[in-house]
Each structure stands twice: as structure tokens, then as C-alpha cells.
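Chain residues, written in single-letter form:
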Amino acid sequence: MAELHHECGIVAIYHLADRGLSPLLPIADPSSAARLVPRMLLDIQNRGQLAAGMTSYNPERNQIIDTHKDVGTVAEVFQLNHHDAAVRLLDEYTGPAAIGHVRYATCGAEDRSYAQPFERHHIEKSKWFSFAFNGQLANYPELREEILSQNDFHLARETDTEIIMHSICRELAGDRKPTVAEMLNELSRRFDGAYNIVYLNAQGEMFVARDPLGIRPLCYAIEGPLFAAASESVALSNLGFKQSSIHSLKPGSAIVIKDGQISFQKFASSPKTAHCFFEWIYFANVCSSLDERSVYLTRKALGEELARLEDVSIDEDTIVVPVPDTAKAAADSMAFQLSVPCLEGLIRNRYVGRTFIESRNRGDKAKMKYTPLPEVLEGKKVLLVEDTIVRSTTMKALISQLRERGLAKEVHVRVACPPIVAPCFYGIDMSTIEELFAPKFLNGEPITAEKEAEMARAIGADSLRYLPVESIARCVQMPKDALCQACIDERYPTSAGRRLYQIAADNAIQAKPGDPARRTYEAEPMAVVPTCVP
């Protein structure tokens, strides 16, 4: 769904000395490992198109670690469409180790200073470091207030990335020489939310770490002298790593490279997980596997669930049409189960960039991004499959286009997700109840056929069907207690998330004083992660 955006993606690469030469390098030289970073970032470009960057380590340079970053896509930032310029840039930032980042902002401005990685210069090599992270700290307001309460401290940006940088600097202050596990353990006691971190310093030390709840995915691979990590497995498999070499990092764990050795270190207990279910149904590349679950097979199972629930009469004019691109696997599967054609009645213009679309109206953007095909749609009963509906503006525009330009006879919307009823505070671009579509109709009550019919009328569809909440865990093939489903069941896995939701619910009531009061959020008893902020 074009209305929904993610909070970034990260990668890391390291060619270890004295272990031979990896055949996966682009050039037969260990220092060429950093050249792989733009390629890895391209594979996770789906996670952020606002900015991109990398930091490389090369002890032969005066700038032992050096950072290149800017606003734009990976191709723009690394000049990949201009061969000579790209080669010069990669020559400048060559090295045996590097980290990288793609950004979509859930907070902070759209300028270069917010692009990651963040590099911190220091005369001591152990304190000269760069890092990048993806996720979002739910207790960012409290951490920011704590820092600014000290007269000598100042924050130049409104972003949790700067909070993390300050926190790392504090752990390295003075004569402190904490181990990576000790430093991350202390950070985990202060941070509440989602945070995967890649870190590189001027001594050539690297770590990649995943928060104790494992909210966002983080994968790694090791073959011979080459280590790599990325937010999604597709970035590793496309480098050439064998599928059997690719694994998901355990929550509360870090992979540390120091003195030419790789070690796995547990820095925080993880009595429960809270993997974001949206990773499988929307955010991740369909080629990825996350926490040993295939994204494609999950979306295929979602389509099977939709087919099982379908009650519209099927005739020779019935077709299934996916909203490009993330709903295609579910649509194909649904159509197969129903024995009806799955056709591309909507074509996405992949060359309409972020900066080209000047209008702030989401409906106008949808019209520019999608073209309906009357050759496919005219006179048809369309089962329009979408992965989710967040604000509904895009869906309204699409239905209108299917009818007016596509000449569809009927449009029945099928959503491969339950209704989004609550905001996300862990890295997805939806932070208020008022902006969401479903809560306006549900008012805190379970969804019914009558409410679905009312919602269908609101978006101009002949009918609307959501998947039930129970379908998600079944399709991901994980226990529901292992997933974060807060945006569909209002059960937040951290204390700061629960506090923010209560504030959001109170704000929603104040915004609509005539509506029935929403119930106060009460969490079911759940295992508490002792390393998270209480």
C-alpha cells in the first residue's frame, strides 16, 4: 500500500584478513568488500527511498573511517547510473569493512544531516565510530528530555538516531572500555522499542545487534572470510551466499568482529519476541525469508485465507486484480483457489519518483502512480486484492479509477490483513488514531459484516472483506504471542508503546467529543523483558 512507509534498512560487510579471498568479492582484493554496500542497499531499497549512505573502514587512509551519504535513492546517492562517477566514488570509499543504510523518515527532516550512518570523529580510534540503525525508540521523548535537562548537553536534530549516538558516546566516555555486550546491555536498559544497529569504528571493530524483542528483522551470513548482515535475507542471497549460510540473528544478540575474529554475544535476555507481522505481509521483499519464515509463502497463505472466506458469487466475468506490487502473491493464490483469472488490471508507473509528485493529496498521487486497463477491467466483476488499508485515500482513488477509466462493472475489495485500528510506535509511518480508516467505523468494537458494508460504501466499493486477526499468526506460522500485532489488536509489547497508545486514544476522544468513549487500554499479562525500560 502506497500509504504506508517503513523506518529504514541496514547492511554490513566485512572481509576478514588472513582467511583467504572470498569469491563473492567484486574485485580480487579484500579492500573491495565495501563496494558491495550499494548493491546490498539496492536490494532493501523497498525499506526507504528518502536517503542512503555508507561508512567504510580502511586503515590505509587518513580518514580511517569515512562516510558518504545524501538525500535520494541508492542509485542517486551512489551515482550508479553514471559509471565513471560511481567508480570514482567507490574507489574513494573502498575498504575491507563497511556499513550502510537506507532511510525513510518517521521523524526528522528531509535533509542530508538526518541521513545515516552517523559518524562521530574522535582522536582516539576506539571512540571514532560510525553507526546506523533501523526501527524507532518508543521512549524517545523521555530520553530526549533527560538529555536536554542537563545544561551542558544539546541535541541538534529531532531524531532518535542522535539519541542513540549520544548514548553510545556516554558509554565510551572517559577511561571506560566496555565490551560490546556490556555497552549494548546498558543501552537495552534505557531503550524501549525497535532498534537494530550496525556499528564500525576506526580500530576496525564491528558489531551488528538486534533488540531483545526482535521487532525488526536482521539477517546474517558467514562464508569463509566474508561476513555480511542486512535487514532482509534477499540482500545476502543476491550477493551469492548459499541459502544454508543465511540466518536470522537472535533477539538480544550481537555479532562482534574484533581482532580478526567473529563472536556471537548475548547482551540481553529475551523471554519473548514481538516480530512485526507487517514485515511478512507488506514491508519485506517477497524474495526474503525472515526468522525462518518465507515472505512469499506467507503472502500465498494470506490469499488462501481470503479465498476460503469469499462469498461473492463467481461467474465468467469475475477476475482477481492485485494492487501492485506487494499484494500480487496473495492475489495469485486467492485466484488459484477460486479458479478465476488473476489479471493485471492496474499497472504501476515505476518511474514516478518521490520528488516528481508535487501534489500533497494522496488521491492525486495514486492516480499518477496507477493506470487502470479497460482492456482487462471493462464489464468485469473485480475482486481487488490489497495488502492493507491504512488511511483509505489511495483505495478510494483506485476504486474510482477502476470504475471511471477501467469501466469495471463491480469492485469488491479484499484486504489480506485485519483492520488497522491503532498506531505504530516501532518504525511504521502511522502515529495517530485519527488518521486511520477503520477506527472511525469500529469505535473499539469487533468488526462485523454490517460494519464492513458501511466501510465499503465509504470507499465506493460494492463490498469489503478483511481477514480476521487469527489469520495472521496462522499464515506466518508463528504463535501470536511471538508477534507484534499492536496495530490490529492494540496489544503493545513494551511499556512505552502502551503509554503512547493511551495518549493517542485520549487524543482521539478529545478530537471527537461526541463519539462514544473508547475503552482504556489494558494489556494482558505478558512476559516482561527486564532489559527494557519499565
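Here is a short report on the structure shown in this document. All residue numbers refer to positions counted from 1 along the written sequence of the respective chain. Restriction of local features to residues with pLDDT of at least 70 applies here, the model being predicted, together with a cutoff of 80 or more for giving and counting side-chain atom pairs; totals for whole chains, interfaces and linings are based on all residues. The side-chain numbers reported here are obtained from all heavy atoms of the structure, hydrogens and water having been left aside.

Along the protein chain, the regular secondary structure elements total 18 helices and 23 strands. To get the radius of gyration, use the C-alpha atoms; to get the globule rule, take the number of residues to the power 0.38 and multiply by 2.2 Å. Against the compact-globule benchmark of 24 Å for 534 residues, the protein chain has a radius of gyration of 24 Å, which places it among compact chains. Its C-alpha atoms put the protein chain at 70 × 50 × 40 Å along the principal axes. By the burial criterion, 59% of the 534 residues in the protein chain qualify as buried. Restricting to contacts in the protein chain with at least 6 residues of sequence separation, those with at least 24 account for 72%. Distance between charge centroids for the protein chain: 1 Å, based on 59 positive and 70 negative side chains. Secondary structure follows DSSP: runs of H or I at least 4 residues long count as helices, runs of E at least 2 residues long count as strands, and numbering of each begins at the N terminus. Using a 1.4 Å probe on the protein chains alone, a residue whose accessible area is under 20% of its type maximum counts as buried, one over 50% counts as exposed, and one in between counts as partly exposed. The contact criterion used throughout is that any non-hydrogen atoms of two residues lie within 4.5 Å. Charge assignment: positive for Lys and Arg, negative for Asp and Glu; neither His nor the chain ends contribute. A single reference atom marks each charge: NZ on Lys, CZ on Arg, CG on Asp, CD on Glu.

Moving on, we come to the environment of L384. Topologically, L384 is positioned in strand 20 (residues 381–386). Exposure remark for L384: the relative accessible area of 0% places this residue in the buried category. Once the C-alpha coordinates of L384 and P322 are considered, the two residues, 62 residues apart in sequence, prove to be 5.8 Å apart. The residues contacting L384, other than those within four sequence positions of it, are V321, V323, L346, M395, I399, L402, V411, H412, V413 and R414.

Salt bridges are defined as contacts in which a side-chain nitrogen from Lys or Arg sits within 4 Å of a carboxyl oxygen from Asp or Glu. As enumerated under the stated definition, the model contains 24 salt bridges in all. Residue E304 is joined to K300 by a salt bridge in which the shortest nitrogen-to-oxygen separation is 2.7 Å. You can see E304 and its partner K300 sitting in helix 9 (residues 295–309), four residues apart, about one turn around the helix. Given the relative accessible area of 28%, E304 is considered partly exposed. Classification of K300 as partly exposed rests on a relative accessible area of 32%. Its salt-bridge partner being D311, residue R465 comes within 3.0 Å of it at the nearest N-O pair. Of this pair, R465 sits in strand 22 (residues 463–466) while D311 sits in the loop between helix 9 and strand 17 (318–322), and the two are 154 residues apart along the sequence. With relative accessibility at 16%, the residue R465 sits in the buried group. It is possible to trace a salt-bridge network through shared partners that takes in R47, R216, E232 and E279.

Taken together, four strands build an open sheet; the order of strands is 17-20-21-22 and the sheet is parallel. Only two strands of the sheet have a single neighbouring strand rather than two, namely strand 17 and strand 22. Between one strand and the next, the sheet's axes are offset by a mean angle of 20°, whatever the strand orientation. DSSP-based pairing: two strands are paired if at least 2 bridges between them are found. Pairing of strand 20 with strand 21 (residues 410–415) involves six bridges; the strand directions are parallel. Across the sheet, the residue bridging to V382 is V411, located in strand 21. Under this scheme, a helix contributes an axis fitted over its contacting stretch, all axes are lines through C-alpha atoms, and angles between N-to-C directions fall in the 0 to 180 degree range. Helix 10 (residues 328–338) contacts strand 17, strand 20 and strand 21 of the sheet and is inclined by roughly 140° relative to strand 20. Those strands touched by helix 13 (residues 393–404) are strand 20 and strand 21, and its axis lies near 150° from that of strand 21.

Time to look at the packing of aromatic side chains. Under the pairing criterion, centres of Phe, Tyr and Trp rings, with the six-membered ring standing for Trp, must be within 6.5 Å; the plane angle then separates stacked pairs below 30 degrees from edge-to-face pairs above 60, leaving the rest tilted. In this structure the tally under the stated criterion is 14 aromatic pairs. Taking the centre distance of 4.9 Å and the plane angle of 25° together, the rings of F277 and F278 count as stacked. Judged by its relative accessible area of 0%, F277 falls in the buried class. On the basis of an interplanar angle of 65° and a centroid distance of 5.0 Å, the ring pair of Y282 and F283 is categorised as edge-to-face. Classification of Y282 as buried rests on a relative accessible area of 12%. Take F283: its relative accessible area is 5%, and that puts it in the buried class. Following the ring pairs from residue to residue traces out a cluster consisting of F118, F129, F131, Y199 and F207.

Next up on the list: the sheet that holds strand 11 (residues 246–248). Pairing is antiparallel in the open sheet, where seven strands are placed in the order 3-2-4-1-10-9-11. Lying at the two open borders of the sheet, with one neighbouring strand each, are strand 3 (65–71) and strand 11. Shown here is a sheet whose adjacent strand axes are inclined to one another by a mean of 15°, direction ignored. Running over the sheet, helix 1 (residues 36–43) touches strand 1 (9–15), strand 2 (51–57), strand 4 (97–103) and strand 10 (226–230) and is turned about 150° from strand 1.

By the criterion of burial, strand 21 is predominantly enclosed, with five of the six residues buried. Orient the strands so they point away from the viewer, and a crossover whose first-strand-to-second-strand path over the helix runs clockwise is right-handed. Between the parallel pair strand 20 and strand 21, the chain is carried across by helix 13, and the sense of this crossover is right-handed. Bridge count for strand 21 against strand 22 is four bridges, and the pairing is parallel. Directly across from R414, in strand 22, lies its bridge partner R465.

Next up on the list: unusual backbone geometry. A cis geometry characterises the amide bond from Q116 onward to P117, with omega recorded as 5°. Within the element layout of this structure, P117 appears in the loop between strand 4 and strand 5 (118–120). Backbone torsion omega between P324 and D325 reads -5°, so that peptide bond is classified as cis. Tracing the chain through its elements places D325 in the loop between strand 17 and helix 10. Residue Q79 is not a glycine yet carries a positive backbone phi of 55°.

Only a pair of cysteine sulfur atoms within 2.5 Å counts as a disulfide in this structure description. Using the criterion set out here, one finds zero disulfides in the structure. With no disulfide partner, C417 has as its closest neighbouring cysteine sulfur the one in C487, 6.4 Å distant. Looking at C417, the relative accessible area reads 0%, which means it is buried. Its sulfur unpaired, C484 is 6.2 Å from the next cysteine sulfur, which belongs to C276.

Side chains of V286, Y296 and L297 sit close together on the surface and give an oily, nonpolar patch of about 270 Å² of accessible area. Mapped onto the secondary structure, Y296 falls in helix 9. Exposure remark for Y296: the relative accessible area of 40% places this residue in the partly exposed category. Here a patch means residues that are over 30% exposed by relative accessible area and free of salt bridges, tied together within 9 Å if like-charged and within 5 Å if nonpolar (Val, Leu, Ile, Met, Phe, Trp, Tyr). Note on areas: Shrake-Rupley with a 1.4 Å probe; residue coverage comes only from the protein chains shown.

In short, geometric facts, not functional conclusions.
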